[in-house]
Amino acid sequence: MNAGGLDGWQWLFLLEGIPSVVAGVVTILVLPDSIESSGWLSAEERGRLRARLTADAHTDPAQLRFSDVLQTLLLPRLWGFMALFLTLLTPAYAISFYLPSILTEAGYSTLTANLLTVPVYVVTTAVIIGNALVSDRRCERGYHIAGPAALSALGFAALTAASWYHSATGAYISMFACAAGVYSAVPLVLSWVSATMQSSTERAVGAAAVISFGNLGGLIGPQLYSLTYQPAIGEDIQEDGVESKKSSGSYVYGHVSMTVSLTLAFALALALRRWTPRDKSHGAPGVPLESSPLLATAEAP
């Protein structure tokens, strides 16, 4: 495809790159340099943040030691978070790479399948923001990760059935649950890790470990779909509103793998919520910020 003297891949770079560049410039101009220069924070909120930074300064060593890194890496709850992030990013990457292909396999044309991904991501964006806002308001992470993981698992289970029975409409509707669930759970994991680590050293090492291990899902998810793909069986697919075409194959086993992964994520989120200690001084998930002793420090004259 060529338009305006540019090939399709060149338009793709422009459409994806320009917003990122603009956002980067705006961020430099708008993002405050310090707590004091942030205009949207109240005096109470500024005091609370200063108190948190002061408390962190007392818990951190003068310099980062290898023993501190090793001690953090040996924390059992950290490995729980790493496993949780992996089981979420595996289907997240699979959706990112295979959503158009899944819809094409269901019976839509290539162009239609790509256009139909837009509503899925619009709804998903709204769910991500809504879930994060509710989670912050309730100061809770575990249930707000487990719930979306369960929703996404149910979506992939429904997608498995739709793929098996060649229902294009069913596959498309299922993808809303698949994407909205897993993508709204992923961001909360890192904030949960930060809230439950005791020092900035633990948070830095813990976040790096969780992200590094979880990103293996970028290899596992797409490969599970690629390796379990079933060749076309050749029957015609005809459904109202969907173009008739030959089946391009089946991703049933990939869908089943994602269902299993998200079921594990659901169980891990509930287990971590029960077994992970809460740091009350930081208003960790499950502990209202109003009960934080740091708030009293911040309000003291």
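Keep in mind that this is a model prediction, so the values were computed, not measured.

Asker: Looking at this structure, I do not really get the overall build of the protein chain. What am I missing?
Answerer: Within the protein chain, the regular secondary structure consists of 11 helices and four strands. When each of the 301 residues of the protein chain is scored for burial, the buried share is 42%. A total of about 16,000 Å² of accessible surface is found on the protein chain, and carbon and sulfur atoms cover 68% of it.

Asker: Looking at this structure, I do not really get the packing of helix α6 (residues 142-164) against helix α10 (residues 252-275). What am I missing?
Answerer: Angle between the axes and distance between the axes are the two parameters that describe a pair of packed helices. The interhelical angle for the contact between α6 and α10, taken along N-to-C directions, is 165°, at an axis separation of 8 Å. As the angle between them shows, α6 and α10 are arranged roughly antiparallel. Of the two possible hands of crossing, α6 and α10 adopt the one that is left-handed.

Asker: I keep staring at the nonpolar core and nothing clicks. Help me out?
Answerer: As a rule of thumb, nonpolar side chains are buried together in soluble globular proteins. L84, L88, I95 and I145 are the most contacted members of the largest nonpolar core, which totals 51 residues. Among the elements that take part in this core, helix α4 (residues 76-106) stands out by supplying 15 residues, more than any other. Each residue touching I145, except ones within four places of it in the same chain, is listed here: L84, L88, A185, L188, V189, W192 and A269.

Asker: Whenever I open this one, the environment of S152 confuses me. Can you help?
Answerer: Mapping S152 onto the fold places it in helix α6. Once the C-alpha coordinates of S152 and V182 are considered, the two residues, 30 residues apart in sequence, prove to be 5.7 Å apart. Excluding residues within four positions of it along the chain, S152 makes contact with A177, C178, G181, V182 and L262.

Asker: So what exactly am I meant to see when it comes to a nonpolar patch on the surface here?
Answerer: A contiguous nonpolar surface patch, about 1,100 Å² in accessible area, is contributed by W11, L14, L15, I18, V21, V22, V25, V26, I28, L29 and V30. For V22, the position within the fold is in helix α1 (residues 8-30). When its relative accessible area of 47% is taken as the criterion, V22 is described as partly exposed.

Asker: Would you mind going over the side chain of S261 with me for this structure?
Answerer: By the secondary structure assignment, S261 is in helix α10. Separated by 2.7 Å, the side chain of S261 and the backbone oxygen of T87 make a polar contact. Leaving out residues up to four positions away in the same chain, S261 has contacts with T87, T90 and P91.

Asker: It is not clear to me how the packing of aromatic side chains should be interpreted in this structure. Could you clarify?
Answerer: Two aromatic rings, taken as a pair, are described by how far apart their centres are and by the angle between their planes. Going through the model one piece at a time under the given rule, you end up with eight aromatic pairs. Between W79 and F213, the aromatic rings sit 6.3 Å apart at their centres with planes inclined by 70°, giving edge-to-face as the arrangement. Remark: F213 occurs in helix α8 (residues 200-214) and W79 occurs in helix α4; sequence separation between them is 134 residues. For W79, a relative accessible area of 46% corresponds to the partly exposed category. For the ring pair F81 and W192, a centre distance of 5.2 Å and an interplane angle of 75° mean the geometry is edge-to-face. In this pair, F81 is assigned in helix α4 and W192 in helix α7 (residues 168-196), connecting sequence segments 111 residues apart.

Reading the values: the criteria
Residues numbered from 1 in each chain as written. Predicted model: local features only at pLDDT ≥ 70, side-chain atom pairs only at ≥ 80, totals over all residues. Heavy atoms only, no water. Helix = DSSP H or I, 4+ residues; strand = E, 2+ residues; numbered from the N terminus. Buried < 20%, exposed > 50% of the residue type's maximum accessible area, 1.4 Å probe, protein only. Areas by Shrake-Rupley, 256 points an atom, 1.4 Å probe, with all protein chains shown as cover. Axes fitted to C-alpha atoms, helices over the stretch in contact; angles between N-to-C directions. Parallel < 35°, antiparallel > 145°, perpendicular 65-115°, else oblique. Left-handed = near helix turned anticlockwise from the far one by under 90°. Core = buried A, V, L, I, M, F, W, Y, C linked by side-chain atoms within 4.5 Å. Contact = heavy atoms within 4.5 Å. Patch = residues over 30% accessible without salt bridge, like charges linked within 9 Å, V, L, I, M, F, W, Y side chains within 5 Å. Salt bridge = Lys/Arg side-chain N within 4 Å of Asp/Glu carboxyl O. Polar contact = N/O pair within 3.5 Å; in protein donor to acceptor, adjacent residues only side chain to side chain. Phe/Tyr/Trp six-rings, centres within 6.5 Å; stacked < 30°, edge-to-face > 60°.

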